[in-house]
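# Tertiary structure, described
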2 protein chains.
Amino acid sequence: VTKKIGILGGGQLGRMFLQAAYNYPFVYHVMDKAKAPCSQLCEHFYEGDFQDYHAIMDFAMPLDIIGIEIEHVNTDALQALEDNGKTVIPSPKALAIIKDKGLQKQFYSQHAIKTPEYYLVADKGEIDIQRFGFPFVQKQRTGGYDGKGVQIIRDTSDLHRLWNIASVIERFTPIAKEIAVLVALDQQGHMRTYPSVEMVFDADLNLLDYLFSPADISVAQAQCADRLARQVAKSFACPGLFAVELFIDQQGELWVNEVAPRVHNSGHHTIEAAYTSQFEQMVRILSGLSLGKTGLHHAAAMINLLGAEHQGVAVVKGIDELSMLDKTYLHWYGKTTTSPGRKMGHVTLLGERQMLAQKIATIKSAVHVVSF
Amino acid sequence: VTKKIGILGGGQLGRMFLQAAYNYPFVYHVMDKAKAPCSQLCEHFYEGDFQDYHAIMDFAMPLDIIGIEIEHVNTDALQALEDNGKTVIPSPKALAIIKDKGLQKQFYSQHAIKTPEYYLVADKGEIDIQRFGFPFVQKQRTGGYDGKGVQIIRDTSDLHRLWNIASVIERFTPIAKEIAVLVALDQQGHMRTYPSVEMVFDADLNLLDYLFSPADISVAQAQCADRLARQVAKSFACPGLFAVELFIDQQGELWVNEVAPRVHNSGHHTIEAAYTSQFEQMVRILSGLSLGKTGLHHAAAMINLLGAEHQGVAVVKGIDELSMLDKTYLHWYGKTTTSPGRKMGHVTLLGERQMLAQKIATIKSAVHVVSF
C-alpha cells in the first residue's frame, strides 16, 4: 500500500518539498490556510489551522507519516499522533523544545552546547539591564519567524521598544559572520551534513538577504561548525533535518545561535548545487529511505526575493533580464499578494564566489517584486 | 496580468514540466483524461480529450499560451487558437506535418534533410516488396507512440504481419547506434542544442531502455548530428523543443530518423545533468523568456522503469536499494496502474560512462514495477 505523507504548513518550503516529492511513489497531503503556495500543486490540500489540535487530528489520523514545514504547530496533536502509532518527524518532544526559544536555550545549556549567555524573563519587568549592559538582545520565546520577534536594544533610548512578553534576554555577540550547517538524520540513525553556508542579512528587515556556500571560513572553523551542528542535531535524538545557525564572533569563535528542525531558507541553494536537495532529503527521511549524498557539485549563492514597499497583488519585474543570465535559477513561490519584506521567491546562482558578487548586484537592480 | 499557459496532454512529460514550471510566476492549466499523472499536481486540471476540437477550444480560449506534451492532438483546433491570437508552440503547421510520419518524411525530402529512403502507401496492397527487398520497415503514418506503430519485416514469413493501413515503407538501415539531439528555439529565434544522447532500445518492446549522454561518437559525428538536428528544427521555422532522433549506420553515416516537437524521453537526464532541464527550457520558450544554458555539468545515464509482465495497480519494488546509490535519482510518474512495457518512471545516474554500466545492471536487478 502506498504511504500517505502529511505536511503541516503549505508555504514555500512545503511547495519546494512537493516539487521534489512527486518524484517518489508516495501520496502527499498538506494543511494550511486557503491559497497557501502548496494549494496550487497538491491534490490533497486541506484548509485548516496547524495550531489547532482537532484540525491536525482530523487531517493526520488517516495518514501514515507526518512532517512539518513550520515550527509553530500544535505539538500536543503531534504527540497524540505519535501515541497513535504514526511516524512523526521531527519528534514532537524535539519540536516542543525548539519552538520555544527559552526551552531551546535551556536545552543547549543542558547539553553543553556553546551558545551566547542568556536568561529567561516572563515579562519586561524581569529584565536586568545591568546584567549584560548594552547592547543586549531580546527574543520572544514563541511565535517569532522571518526576522520578527528578535530585537537588539542598543542603549537606554531603545528601552521603550522592549516587548512586555516572555522572552530570552541574550548577551550581544559582536558578529564577524553568520553561518549555517544543515544536518540530515534518517530513521536508521545515519547522519550527514551539508557544506557550510555564509549568510548576509538585511539589517533593516533582520531577514536573510543572500548567502554563499561553501562559507568563506577557515578549515578549522568549518570543522568546528560541522561538529557543533552535529552535536545539536544528535542531542535531539530523532530523525529529521536540522538547520543549525551559528555566529562567528570577532575573535573567530563559534556559537550556536538557534536551530530550525526542518528544511530552511539557508538550504535553498541545494536544489541546484548539491547532489541531493534538502527537499529530496526530507522525502527520503520521512519515507524511511537512505540519505542522499550531501556534497555540492557547484559553489553557489542564493538571493531572497523580498516584497518591495508595496502591498497588494504581487507582480515580479525583471525576469526577462534574469533569464539572460547563465546558471541562474528563479524560484517563485506562487504567493498572490506581496507586502514589504515578504519572502516571495528566491534566485540561485552557480559559480565561484568572486564571479557571483557582480551577478547578485545585477539581480538586485533588475528584479523587483511590486504591486500596482 | 499573469500569463496563463495551457498544456495539451497530462502524462509524465506534462508532470515534469509542471514540477519545473512552478518556479515561474505563471498559471498552468492541463487537459487530459481523469487521473492522468498531471492531475495530482495541477490546480487547473481539466478532464477532456485533446483530440476533440471543441474540448480544446473550450479549454484553451480563456488562456494566453498553448503548448503540448504529446503530438496526437487536434491541430485544427490549434490552428483556430492561433488565428484567435493565442501563442501556440510549436506551430500548428509544424505539428500537423510531424504527427503524420508520411508528411514528416516528405518534409525531409523537400528540405534536403538526409533520411532513409521511403515511399508512402495507402494500404498494404500498395507495398512493393521488390523495391527495398528484405528487411524493410513499416511505420503507421499516424497514431504510433512508445514503440507502437513501427515494425521490421524481415522476410516473407513476416508478410502476414503487415498492417493494412496508411504507412511509410522505409529502406532498412543497418544501425550501429541510435542517437538524439534536442534543439531549443525561443520566440526571438535563438537556437541552442543539448549534447548528443546515445539510446539503447529494448528489442522486444521497441522502446528506449536506457541512454547515455554525451554519446560515445567521434567529434565529427557529434558535429554532424548537431548540424542535422539544427537543420531539422530550423526548417520548421517556429519556436519549440525538437528532439531529433538519428541513426548512425554501420559505415558511420548519419541519417535523420524522426523528430518529436516537444520535451522527450531522450532528454530526461537534463533534469539533473544539464544547466537547464528540457522542462525548464519549455517554460522559458512558452513564456517568451530567453533560453537557458544547455551544457551538461555531469555526464549521465537514464534508465526507463517499464512495467513488468503484470497488469493492475502499480507497485514499485526496490526503491530502498535505489536510495543507497549515490548520484542516482528516481522519477516516479504517479500512474496508478501498470501494464507490460508501460513507462512508469525513470532513474537518472550522474557519472562517467564506465562507472555507470555496473550501476545500470544493479538498478535493473533491484527495481521492478509490478502489481499483485
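The sections below set out a description of the structure shown in this document. Quick caveat: nothing in here was measured; it's all calculated off a predicted structure.

### Looking at the overall build of chain A
The helix and strand tally for chain A stands at 11 helices and 22 strands. Since a compact globule built from 372 residues should have a radius of gyration of about 21 Å, the 20 Å found for chain A is in line with a globular shape. Taking the principal axes of the C-alpha coordinates as reference, chain A spans close to 60 × 55 × 45 Å. Looking at chain A as a whole, 60% of its 372 residues qualify as buried. Taking the contacts inside chain A whose residues are at least 6 apart along the sequence as the reference set, 62% of them involve residues at least 24 apart. When the accessible surface of chain A is summed, it comes to about 14500 Å², and 51% of that surface belongs to carbon and sulfur atoms.

### Describing the sheet that holds strand 1 (residues 4–8) of chain B
Residues and elements named next belong to chain B. As summarised here, the arrangement of the 5 strands in space is 3-2-1-4-5, forming an open sheet in which the pairing is parallel. Lying at the two open borders of the sheet, with one neighbouring strand each, are strand 3 (44–47) and strand 5 (87–88). Pairing of strand 4 (residues 65–68) with strand 5, which is carried by 2 bridges, proceeds in the parallel orientation. Directly across from Ile66, in strand 5, lies its bridge partner Val88. On the sheet, helix 2 (residues 53–60) packs against strand 1, strand 2 (27–32), strand 3 and strand 4 and is oriented at approximately 165° with respect to strand 2.

### So, the interface of chain A and chain B
Each partner contributes residues to the interface: chain A has 35 residues there, and chain B has 35 residues. Summing both partners gives a buried area of about 3200 Å² for chain A against chain B, and 52% of it is carried by carbon and sulfur. Broken down residue by residue, the surface that chain A buries against chain B is led by A:Tyr22, A:Asn23 and A:Tyr275, which jointly contribute 19%. Inspection of the chain A/chain B interface yields 1 salt bridge. With a closest N to O distance of 4.0 Å, A:Asp326 and B:Arg192 form a salt bridge. On inspection of chain A and its partner chain B, the count reaches 21 residue pairs in polar contact (both at pLDDT 80 or more). Among the elements of the structure, helix 1 (12–21), helix 9 (278–287), helix 10 (319–323) and strand 19 (328–332) of chain A are those that each provide at least two residues to the side of chain A that touches chain B. Here the side of chain A that touches chain B gets 5 residues from one element, more than from any other, and that element is strand 19 of chain A. Considering only residue class, the side of chain A that touches chain B consists of 16 nonpolar, 10 polar and 9 charged.

### Structural notes on helix 9 (residues 278–287) of chain B
Of all 10 residues in helix 9 of chain B, 10 are buried; the element is thus mostly enclosed. Every buried residue of helix 9 of chain B is accounted for by B:Gln278, B:Phe279, B:Glu280, B:Gln281, B:Met282, B:Val283, B:Arg284, B:Ile285, B:Leu286 and B:Ser287.

### Remarks on the sheet that holds strand 5 (residues 87–89) of chain A
Residue and element names in this part refer to chain A. Sheet architecture is open: 5 strands sit in the order 3-2-1-4-5, paired in parallel fashion. The two strands at the open ends of the sheet, each matched to only one other strand, are strand 3 (44–47) and strand 5. Neighbour-to-neighbour, the strand axes of the sheet open up by a mean angle of 20°, direction not taken into account. Sheet topology note: the strand 2 (residues 27–32)/strand 3 ladder contains 4 bridges and is parallel. The partner of Met31 across the bridge, within strand 3, is Tyr46. Most of the contacts of helix 1 go to strand 2, to which it runs at about 170°, and overall it touches strand 1 (4–8) and strand 2. The sheet contacts of helix 2 (residues 53–60) involve strand 1, strand 2, strand 3 and strand 4 (65–68), and relative to strand 2 the element is tilted by about 165°.

### Quick look at the environment of A:Pro116
With respect to the secondary-structure elements, A:Pro116 resides in the loop between helix 5 (101–110) and strand 6 (118–121). The spatial distance from the C-alpha of A:Pro116 to the C-alpha of A:Glu170 is 6.6 Å, given a sequence separation of 54 residues.

### What to know about helix 2 of chain A
Residue and element names in this part refer to chain A. What helix 2 keeps buried is the set Ile56, Met57, Phe59 and Ala60. Projection of helix 2 onto a plane perpendicular to its axis shows the buried side chains occupying an angular sector of 165°, all on one side. Turned more than 90 degrees away from the buried face of helix 2, the exposed residues are His54 and Asp58. As for helix 2, its buried residues are in contact with strand 1, strand 2, strand 3, strand 4 and helix 3 (75–83). Of the residues that open helix 2, the one with a side-chain oxygen 3.0 Å from the backbone nitrogen of His54 is Asp52.

### Thoughts on the pattern of salt bridges
Oppositely charged side chains can form a pair if their charged atoms are brought close together. By the definition in use, this model includes 27 salt bridges over all chains. For the salt bridge of A:Glu71 with A:Arg262, the shortest nitrogen-to-oxygen distance reads 2.6 Å. Taken together, the residues A:Glu71 in the loop between strand 4 and helix 3 and A:Arg262 in the loop between strand 15 (254–260) and helix 8 (270–273) connect sequence positions 191 residues apart. Taken as a pair, A:Glu71 and A:Arg262 share a single burial class, namely buried. The closest approach of N and O atoms between B:Glu280 and B:Arg284, which form a salt bridge, is 3.2 Å.

### Details of the packing of helix 1 (residues 12–21) of chain B against helix 9 of chain B
When two helices pack together, their arrangement is given by the angle between the helix axes and by the axis-to-axis distance. Residue and element names in this part refer to chain B. Direction vectors running N to C along helix 1 and helix 9 enclose 75°, while the axes themselves pass 8 Å from each other. With respect to helix 9, the element helix 1 is oriented roughly perpendicular. Contact residues: Leu13, Met16, Phe17, Ala20 and Ala21 in helix 1; Phe279, Glu280, Met282, Val283 and Leu286 in helix 9. Residue classes in the contact of helix 1 with helix 9 are distributed as 9 nonpolar, no polar and 1 charged.

### Notes on the relation of the copies chain A and chain B
The two copies are related by a screw motion: chain A maps onto chain B through a turn of 180° and a shift of 0.0 Å along the axis, at an RMSD of 0.0 Å. One copy is carried onto the other by what is essentially a two-fold rotation axis. Ranked by how close their C-alpha atoms come to the rotation axis, the residues of chain A are headed by A:Leu41, at 2.1 Å. Take the interface residues of chain A: 100% of them recur as interface residues in chain B, which is what a same-surface contact looks like.

### Observations concerning the side chain of B:Asn265
In this fold, B:Asn265 is placed in the loop between strand 15 (254–260) and helix 8 (270–273). Setting aside residues up to four positions removed in sequence, B:Asn265 forms contacts with B:Leu208, B:Leu211, B:Met302, B:Asn304 and B:Lys343.

### Brief notes about unusual backbone geometry
Residue and element names in this part refer to chain A. Ser213 connects to Pro214 through a cis peptide bond whose omega is -5°. Non-glycine residue Asn206 carries a positive phi angle of around 55°. Position of Asn206 relative to the elements: it lies in the loop between strand 12 (197–202) and strand 13 (207–213). A residue is classified by how much of its surface remains accessible, and Asn206, at 33% relative accessible area, is partly exposed.

### A closer look at the packing of helix 2 of chain B against helix 3 (residues 75–83) of chain B
All names here are of chain B. Viewed as axis vectors pointing N to C, helix 2 and helix 3 meet at an angle of 35°, and their least axial separation amounts to 8 Å. Along this stretch, helix 2 crosses helix 3, giving a crossing that reads as right-handed. Across from Tyr53, Ile56, Met57 and Ala60 in helix 2, the residues of helix 3 making contact are Asp76, Ala77, Ala80 and Leu81. The class makeup of the residues in the contact of helix 2 with helix 3 is 7 nonpolar, no polar and 1 charged.

### Re the environment of A:Phe59
Residues and elements named next belong to chain A. Inspection of the secondary structure puts Phe59 in helix 2. Of the residues examined, Phe59 reaches a relative accessible area of 6% and is grouped as buried. Separated by 11 residues in the primary sequence, Phe59 and Gly48 have C-alpha atoms spaced 8.4 Å apart. In contact with Phe59, not counting residues within four places along its chain, are Gly6, Ile7, Leu8, His29, Val30, Met31 and Tyr46.

About the criteria used
Residues numbered from 1 in each chain as written. Chains lettered and ligands numbered in written order. Predicted model: local features only at pLDDT ≥ 70, side-chain atom pairs only at ≥ 80, totals over all residues. Heavy atoms only, no water. Helix = DSSP H or I, 4+ residues; strand = E, 2+ residues; numbered from the N terminus. Rg over C-alpha atoms; globule rule 2.2 N^0.38 Å. Buried < 20%, exposed > 50% of the residue type's maximum accessible area, 1.4 Å probe, protein only. Contact = heavy atoms within 4.5 Å. Areas by Shrake-Rupley, 256 points an atom, 1.4 Å probe, with all protein chains shown as cover. Pairing = 2+ DSSP bridges. Axes fitted to C-alpha atoms, helices over the stretch in contact; angles between N-to-C directions. Buried area = accessible area lost by both parts, 1.4 Å probe. Salt bridge = Lys/Arg side-chain N within 4 Å of Asp/Glu carboxyl O. Polar contact = N/O pair within 3.5 Å; in protein donor to acceptor, adjacent residues only side chain to side chain. Nonpolar A, V, L, I, M, F, W, Y, C, P; charged D, E, K, R; others polar. Arc of directions from axis to C-beta. Parallel < 35°, antiparallel > 145°, perpendicular 65-115°, else oblique. Least-squares fit on C-alpha atoms with pLDDT ≥ 70 in both. Left-handed = near helix turned anticlockwise from the far one by under 90°.

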